[in-house]
Structure formats: C-alpha cells, structure tokens
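# Close look at the chain arrangement
Each chain is listed here by its residues.
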Number of protein chains: 2
Amino acid sequence: MNSPRPTGVPILRLGDVLVTGLLNELDDRSAVAFTDELTERIVADSARGVLIDISRLEIIDSFVARTLMELTTMSRLLGARVIVAGMRPAVAITLVELGIQLTGVETALNAEQGLIALGWQRTPEGPGRDHVR
Amino acid sequence: MNSPRPTGVPILRLGDVLVTGLLNELDDRSAVAFTDELTERIVADSARGVLIDISRLEIIDSFVARTLMELTTMSRLLGARVIVAGMRPAVAITLVELGIQLTGVETALNAEQGLIALGWQRTPEGPGRDHVR
C-alpha cells in the first residue's frame, strides 16, 4: 500500500463521489503525486464527482491555484465534476488581490455544501439515536 | 493551526456528521491525541454522528480495538453515534481469531454505507453534469 501523500488527505470514496483535501502548501512533487492519484482514482472508482476540501489551507499561491484549475479540467475530461470547498475568507481576498480568479473551478462554502452539490442530501432523521446494542 | 495527526486523517465536517479515519497502527500517544481531537470536535461542531474509515488499516490489534470501543462509548456519552466503516476481510478474520468482538461498535461495509447510516443519502440526480462555465 502506498504511504499517504504528506500534503494531502487520503481519498475517501462515498459512492460515486471522491472526497479529499489539501492540508498545506503543495510543492511541485506533491502536486504531481496528488494529480496522479486523484485522476487514477476517478477512473478506478468510476467517480462522477470530486470534493476537495481546502479549509485547512491558510495560503493559496498561484501554483496551488493553477494546480486546482488543472485538476478541475482533467477531472472534467474524465467525466467527473470537481468542487473545491471551504476556502477561508482571507484566502479569497488574497486570490483576488493577486488577480487569480480560479476560472472554471466550482466552489462551495464548506464540505457539507459541496457534498450536497455533488448529489448527497441529509435525510430528515439525521444520524439517529438507536444506540442500544 | 495544529499539524495533522501522523496516524490519522483530518476530521472533515459534513453537517452534523464528522468524517475521519485511521491510516496505520496507533501508538499510545497518537491514540490519545486522536481521542482528544475527536471528542473536542464532537462538542465544538455539535456533531451527532462520527464516521471512522478504517479501510487503510491492514492490522487491528487489541489496542486499536480497545481504542475504537472507548471512542464509541465516549462519543455516545457526548451524544454522537459512531460508525466504523471499511474493515478489510482479513482484519475481521484476525479479530475474531483473537477473540475480539468490538462489542458495542457499529460497523458499515464502507464509508458510503456508513454515511447513509448516519443520515445522508444520494439524490437521484447524482453529481450532475452542469460543467459549462
């Protein structure tokens, strides 16, 4: 089994949606590893959606922004829709100040909203309370 | 911001459900850190459900089993329901051979089934195809 990427969250499969995230800034090597792993998993798991949580990222520079844009395009070519969720307000401000618009990247307020956009919904019952075993 | 636990997956919040996982064997210290972080997040996020993905674990010894049982009980005391998802067949075989039954721990075949048990469901539309921007 491969060891987990140092910069990223393992990829969790929820039906035809893959859920992952970024923990800290990407360097060239880990960006390539992340891209490779994610695209391979899209094909292997027949994923139709990808949720990338970036709520832990305190900085997004132009390299990370470009990686996210490229990932979005690659995933689309493979038939999967990418949603980037949980951007911090300070990151959004910085991106705009840098003139980076993340063109083509769909975003969501948080992971929950992203998962809803990718076709999951809460049931009225919630987690339930059938605790007795 | 705290650095991520070396043995675990960051905790992702999906509404009132927290999603996390274990990557490899726990030692004493990381088990305590994982327990602390998870219980604090349950309270901070008012979580009612916790999904722990263990599909990456190739070995579960009696210590990890006990940690999972204790986590389940602690979470229940805090009002949250825990589901452990994705156990490998070989792990299940080993656990039974060791006489460990994970008493009180709810399990699910995989993360998707666990999330469904915790009150999410797929919508008929799925991830959608509105890719054009």
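Structural notes, computed from the coordinates. (Residues numbered from 1 in each chain as written. Chains lettered and ligands numbered in written order. Predicted model: local features only at pLDDT ≥ 70, side-chain atom pairs only at ≥ 80, totals over all residues. Heavy atoms only, no water.)

### Section: helix 2 (residues 62-77) of chain A
Residue and element names in this part refer to chain A. Across its 16 residues, helix 2 extends 23 Å between first and last C-alpha, which sits within 8% of the 22 Å expected from 1.5 Å per residue. Residues Val-64, Ala-65, Thr-67, Leu-68, Leu-71, Thr-72 and Ser-75 constitute the buried set of helix 2. One face of helix 2 carries all of its buried residues, which in axial projection span an arc of 160 degrees. Of the surrounding secondary structure, the elements contacted by the buried residues of helix 2 are helix 1 (28-44), strand 3 (49-53) and strand 4 (81-85). Backbone nitrogen of Phe-63 and a side-chain oxygen of the N-cap are separated by 3.2 Å at the start of helix 2; the cap is Asp-61. Downstream of helix 2 by a residue or two, Gly-79 has a phi angle that is positive, lying close to 95 degrees. (Helix = DSSP H or I, 4+ residues; strand = E, 2+ residues; numbered from the N terminus. Expected span 1.5 Å × (residues − 1). Buried < 20%, exposed > 50% of the residue type's maximum accessible area, 1.4 Å probe, protein only. Arc of directions from axis to C-beta. Contact = heavy atoms within 4.5 Å. Polar contact = N/O pair within 3.5 Å; in protein donor to acceptor, adjacent residues only side chain to side chain.)

### Details of the sheet that holds strand 3 (residues 49-53) of chain B
Each strand in a sheet pairs with its neighbour through backbone hydrogen bonds, running either in the same direction (parallel) or in the opposite one (antiparallel). Residue and element names in this part refer to chain B. Read from one edge of the open sheet, five strands run 1-2-3-4-5, paired in mixed fashion. Each edge of the open sheet carries a strand with a single partner, namely strand 1 (12-14) and strand 5 (106-108). The mean inter-strand angle of the sheet, taken between neighbouring strand axes irrespective of direction, is 25 degrees. Sheet topology places strand 2 (residues 17-21) next to strand 3; five bridges connect them, and they run parallel. Residue pairing in the sheet places Leu-18 in a bridge with Val-50 of strand 3. Across the sheet, helix 1 (residues 28-44) is in contact with strand 1, strand 2 and strand 3; its angle to strand 2 comes to roughly 165 degrees. This element, helix 2 (residues 62-77), spans strand 3 and strand 4 (81-85) of the sheet and lies at about 150 degrees to strand 4. (Pairing = 2+ DSSP bridges. Axes fitted to C-alpha atoms, helices over the stretch in contact; angles between N-to-C directions.)

### Quick word on the sheet that holds strand 1 (residues 12-14) of chain A
Residues and elements named next belong to chain A. What the five strands build is an open sheet, ordered 1-2-3-4-5; its pairing is mixed. The open sheet is flanked by strand 1 and strand 5 (106-108), the only strands paired with a single partner. Taking the axes of each pair of neighbouring strands and ignoring which way they run, one obtains an average angle of 25 degrees across the sheet. Direction of pairing for strand 1 relative to strand 2 (residues 17-21): antiparallel, over a ladder of three bridges. When the bridges of strand 2 are listed, Arg-13 appears paired with Leu-18. Packed on one face of the sheet, helix 1 meets strand 1, strand 2 and strand 3 and runs near 165 degrees to strand 2. Its contacts with the sheet put helix 2 on strand 3 and strand 4, and the angle it makes with strand 4 is roughly 150 degrees.

Remember, this is a structural readout, not a statement about activity or role.
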